[in-house]
Amino acid sequence: MDFSFQLYSARNVPPNDAFFARLASLGYTQVEGFGGLYDDPEGLAASLQHNRLIMPTAHFGLNQLQDTESALKIAETLGIRYLYCPAIPAEERTQSEDKWVALGETLAELGETYRKHGFGFGWHNHAFEFQPLDNGRLPMDILLETAPLNDWEMDVAWVVKGGQDPIDWMKRYGQRINAVHVKDIAPEGESMDEDGWADVGHGTLDWQALAAEIKASTNAQYWVMEHDKPSDANRFAERAIASVANWE
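Scope of this entry: the structure provided in the associated data block.

Parameters at a glance
Residues numbered from 1 in each chain as written. Predicted model: local features only at pLDDT ≥ 70, side-chain atom pairs only at ≥ 80, totals over all residues. Heavy atoms only, no water. Helix = DSSP H or I, 4+ residues; strand = E, 2+ residues; numbered from the N terminus. Rg over C-alpha atoms; globule rule 2.2 N^0.38 Å. Buried < 20%, exposed > 50% of the residue type's maximum accessible area, 1.4 Å probe, protein only. Contact = heavy atoms within 4.5 Å. Areas by Shrake-Rupley, 256 points an atom, 1.4 Å probe, with all protein chains shown as cover. Core = buried A, V, L, I, M, F, W, Y, C linked by side-chain atoms within 4.5 Å. Pairing = 2+ DSSP bridges. Axes fitted to C-alpha atoms, helices over the stretch in contact; angles between N-to-C directions. Salt bridge = Lys/Arg side-chain N within 4 Å of Asp/Glu carboxyl O. Arc of directions from axis to C-beta. Polar contact = N/O pair within 3.5 Å; in protein donor to acceptor, adjacent residues only side chain to side chain.

When helices and strands are counted, the protein chain shows 10 helices and 10 strands. By the compact-globule yardstick of 18 Å for 248 residues, the protein chain fits well, its C-alpha radius of gyration being 17 Å. With the C-alpha coordinates of the protein chain rotated into their principal frame, the extents come out at 50 × 45 × 35 Å. Across the 248 residues in the protein chain, those meeting the buried criterion constitute 53%. In the protein chain, the proportion of contacts linking residues at least 24 apart, taken out of those at least 6 apart, comes to 73%. Taken as a whole, the protein chain presents about 11,000 Å² of accessible surface, with 47% of it coming from carbon and sulfur.

Okay, structure coming up:
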C-alpha cells in the first residue's frame, strides 16, 4: 500500500526539495496538492520528480475548477489524475436545499468536463455536509445524488466530526469512494493548539478497523495522510507513516 501526504498539512513548510526529500526518506511515494501550491506548476513538478514523488490527486477550489483551461494545464503539468473540490466558503455551508442542489449540478457539469479530458473528478468532504437541513436531508446525500458520476474522496475523521458513522457511508457509497483521508482525532480536551486533531495512530479512531472496512467496502486507490493543524509537520509525517506500517 502506497501512502500519500496531503501538503496542506505542511502549508507552513515551504514545498521544496528538502521537505520532499524528507517525505521520500520516510517512505512516502505520493503527495496530494492543494489550491495554494499551483503558482509555479513546472517548478513543483521538477521538485517532485527530483525526489521521486508523484501527485496523483489534488484539491482545487471551486473557482479554480471553473477556470477549466488553467486547471487542466496544472493537472497535466503535475501528472494529476484526480481533481477534488475540497469545500465551499464558510458562509455558504448552511445554505438552503436548492442551493445544495445547484452546487451538485455545478459539480456534475465540472465532472463531465474533466472526465472528457481523461481526469477523474469528485468531492472531498468536511463535517458541514452532514448537518441536516430543515427537511432532514443531508447535503452530502444531495451532492452525491445530484452528481451521480462524480467520485468521493472521503475524509473519514471529518465524517466522524459530523456525527456520522463512516462505515455506514462506506457501505452506502463505497463504489464512489476512490480515495480516503487518513486522519485522527485527539481525545476530548486535548491538543487544542492543534484544533483537536491528532497524529494518525495517536488519537481516538480505530484505524485498524477502519482500514479493513475501507479495503472491503470501497474502491479507494489513494490513502492520504492529513492533519489539519500540526504544530510540527515533520513530526506528523513521521508518526503517521510509522503508525500504518502494519496495515499491509
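Note on soluble globular proteins: their nonpolar side chains tend to be buried together. In terms of nonpolar packing, the biggest core is built from 78 residues, with Phe5, Leu7, Tyr28, Trp152 and Trp169 touching the most fellow members. Apart from the residues lying within four places of it in its own chain, the contact partners of Tyr28 are Phe3, Ser4, Phe5, Leu23, Leu53, Met225, Ala237, Ala240 and Ile241.

Right, let's get into the sheet that holds strand E3 (residues 54–59). Across a sheet, strands are paired by hydrogen bonds formed along the backbone, either parallel or antiparallel in direction. The parallel closed barrel is built from 8 strands, whose spatial order is E1-E2-E3-E4-E5-E6-E7-E10. Averaged over all pairs of adjacent strands, the angle between strand axes in this sheet comes to 30 degrees, irrespective of strand direction. The pairing of strand E1 (residues 3–6) with strand E2 (residues 30–33) spans 3 bridges and is parallel. The residue of E2 that forms the bridge with Phe5 is Val31. Relative to strand E5 (residues 120–124), helix H5 (residues 97–116) is tilted by about 150 degrees, and along the sheet it contacts strand E4 (82–85) and E5. The sheet contacts of helix H8 (residues 166–173) involve strand E6 (151–155) and strand E7 (177–182), and relative to E6 the element is tilted by about 170 degrees.

On inspection of all chains with the given rule, the structure shows 13 salt bridges. Here Glu226 ties to Lys183 by a salt bridge, and the two come within 3.0 Å at their closest N and O atoms. Remark: Lys183 occurs in the loop between E7 and strand E8 (184–185) and Glu226 occurs in the loop between strand E10 (222–225) and helix H10 (233–243); sequence separation between them is 43 residues. Residue classification places Glu226 among the buried residues on the basis of a relative accessible area of 5%. Here Lys183 ties to Asp228 by a salt bridge, and the two come within 2.8 Å at their closest N and O atoms. On the criterion of sequence distance, the pair formed by Lys183 in the loop between E7 and E8 and Asp228 in the loop between E10 and H10 is long-range, its members being 45 residues apart. Classification of Lys183 by relative accessible area gives buried; the value is 0%. Here the salt bridges share partners, and the residues they tie into one network are Asp155, Lys183, Glu226 and Asp228.

Let us look at H8. In an α-helix, one full turn covers 3.6 residues, which means residues spaced three or four apart are oriented alike. Turning to H8, its buried residues are Pro166, Trp169, Met170 and Tyr173. Down the axis of H8, the smallest arc covering the buried residues is 105 degrees, so these residues share one side. Lining the buried residues of H8 we find helix H6 (139–146), E6, helix H7 (156–161), E7 and helix H9 (207–217). N-cap assignment for H8: the residue whose side-chain oxygen lies 2.9 Å from the backbone N of Ile167 is Asp165.

This part covers unusual backbone geometry. Residue Arg52 is not a glycine yet carries a positive backbone phi of 55 degrees. Secondary-structure assignment places Arg52 in the loop between helix H2 (41–50) and E3. In the Ramachandran plot, Asp195 falls in the positive-phi region, its phi being about 60 degrees despite a non-glycine side chain. Topologically, Asp195 is positioned in the loop between E8 and strand E9 (197–198). Since its relative accessible area comes to 44%, Asp195 is described here as partly exposed.

Burial of E1 is two-sided: the residues Phe3 and Phe5 facing one way and the residues Ser4 and Gln6 facing the other way are all buried. With 3 bridges connecting them, E1 and E10 associate as parallel partners. Pairing of Ser4 across the sheet is with Val224, part of E10.

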